[in-house]
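Chain and residue survey
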Amino acid sequence: AVQEAAPGVPLFLDLKFHDIPNTVAGAVKSVVPLGLTIINVHASGGAPMMRAAVQAAEEAARAAGVPRPLVIAVTVLTSMDEIDLKAVGQSVPADEQVIRLASLAKECGMDGVVCSAREIGLIRQACGPDFVLVVPGIRPAGSAQGDQKRVMTPAD
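In this report, we go over the structure that sits alongside the text. It should be emphasised that the depicted structure is a prediction, and the values quoted were computed from it without experimental measurement.

The subject of this paragraph is the side chain of Glu119. Looking at the secondary structure, you find Glu119 in the loop between strand S4 (112-114) and helix H6 (120-127). A distance of 2.9 Å separates the side chain of Glu119 from the backbone nitrogen of Ser116, its partner in a polar contact.

With that settled, the discussion passes to the pairing of strand S1 (residues 12-17). Here S1 pairs with strand S2 (residues 38-42) via three bridges, running parallel. The residue of S2 that forms the bridge with Leu13 is Ile39. Once you follow S1 into helix H2 (residues 21-31) and on to S2, the crossover reads as right-handed.

The next point concerns helix H5 (residues 94-107). An ideal rise of 1.5 Å per residue puts 20 Å on 14 residues; H5 measures up with 20 Å between its terminal C-alpha atoms. Among the residues making up H5, those that are buried are Ala94, Gln97, Val98, Leu101, Ala102 and Ala105. For H5, the angular spread of buried residues about the axis comes to 130°, placing them on one side. Each element contacted by the buried residues of H5 is listed here: helix H3 (47-64), strand S3 (70-74), helix H4 (82-87), S4 and H6. Where H5 terminates, the next one or two residues include Gly109, which has phi positive at roughly 90°.

The next point concerns the sheet that holds S2. With parallel pairing, five strands are arranged side by side in an open sheet as S1-S2-S3-S4-S5. Taken across any chain shown, the strands that pair with only one partner, and hence form the sheet edges, are S1 and strand S5 (132-134). The mean inter-strand angle of the sheet, taken between neighbouring strand axes irrespective of direction, is 25°. Where S4 and S5 come together, three bridges link them in parallel fashion. Within S5, the position partnered with Val114 by the bridge is Val134.

Topologically, Glu58 is positioned in helix H3. Separated by 11 residues in sequence, Glu58 and Pro69 have C-alpha atoms that sit 8.5 Å apart.

Regular strands have side chains that alternate between both faces of the sheet. By the criterion of burial, S2 is predominantly enclosed, with five of the five residues buried. Across the two faces of S2 the burial is the same, with Ile38, Asn40 and His42 and Ile39 and Val41 all buried. Sheet topology places S2 next to S3; five bridges connect them, and they run parallel. Each residue of the ladder has a partner; that of Ile39, found in S3, is Val71. A crossover links S2 with its parallel partner S3, the connecting element being H3, and its sense is right-handed.

Counting across every chain of the model gives three salt bridges. Where Lys16 meets Asp14, a salt bridge forms, and the shortest distance between an N and an O atom there is 3.1 Å. The residue Arg68 makes a salt bridge to Asp111 at a minimum N-O spacing of 2.9 Å. Remark: Asp111 occurs in the loop between H5 and S4 and Arg68 occurs in the loop between H3 and S3; sequence separation between them is 43 residues. In this structure Asp111 comes out as buried when scored by relative accessible area, which is 17%.

Criteria and cut-off values
- Residues numbered from 1 in each chain as written.
- Predicted model: local features only at pLDDT ≥ 70, side-chain atom pairs only at ≥ 80, totals over all residues.
- Heavy atoms only, no water.
- Helix = DSSP H or I, 4+ residues; strand = E, 2+ residues; numbered from the N terminus.
- Polar contact = N/O pair within 3.5 Å; in protein donor to acceptor, adjacent residues only side chain to side chain.
- Pairing = 2+ DSSP bridges.
- Right-handed = clockwise from strand over helix to strand, strands pointing away.
- Expected span 1.5 Å × (residues − 1).
- Buried < 20%, exposed > 50% of the residue type's maximum accessible area, 1.4 Å probe, protein only.
- Arc of directions from axis to C-beta.
- Contact = heavy atoms within 4.5 Å.
- Axes fitted to C-alpha atoms, helices over the stretch in contact; angles between N-to-C directions.
- Salt bridge = Lys/Arg side-chain N within 4 Å of Asp/Glu carboxyl O.

Just geometry here; none of it tells us what the structure is for.
Encoded structure:
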């Protein structure tokens, strides 16, 4: 229905798939025929899961006769800071975890990652200029942050 209402508009299906590889592959195969531009998974699902997502996207796009969507990985949610990471057993700073997950995502054939604006430079150094970055949490100075913790302003 969205494609009919707004033909040609890029669609990002932001469902953040995170499960065992076979389940994620099945989920990806079920949504690719919708003609999406971007889909995402959680990088913390691990290398086998990310590889399965990329392979499933390729197979499903070929079978449906649609372009393969970009498959990107969520690194660390921008609503999480070091305190939140420690609460879930992550003992490294957020930027280190983001780089670890972004590098793993690239190794697995992912097209890019979702990351905080704070990590753009670090990811560019680690993953190169062609790795796609989707960057939430950019807020005008003085605006409410909502549930975002790792934010920047456009001027930053």
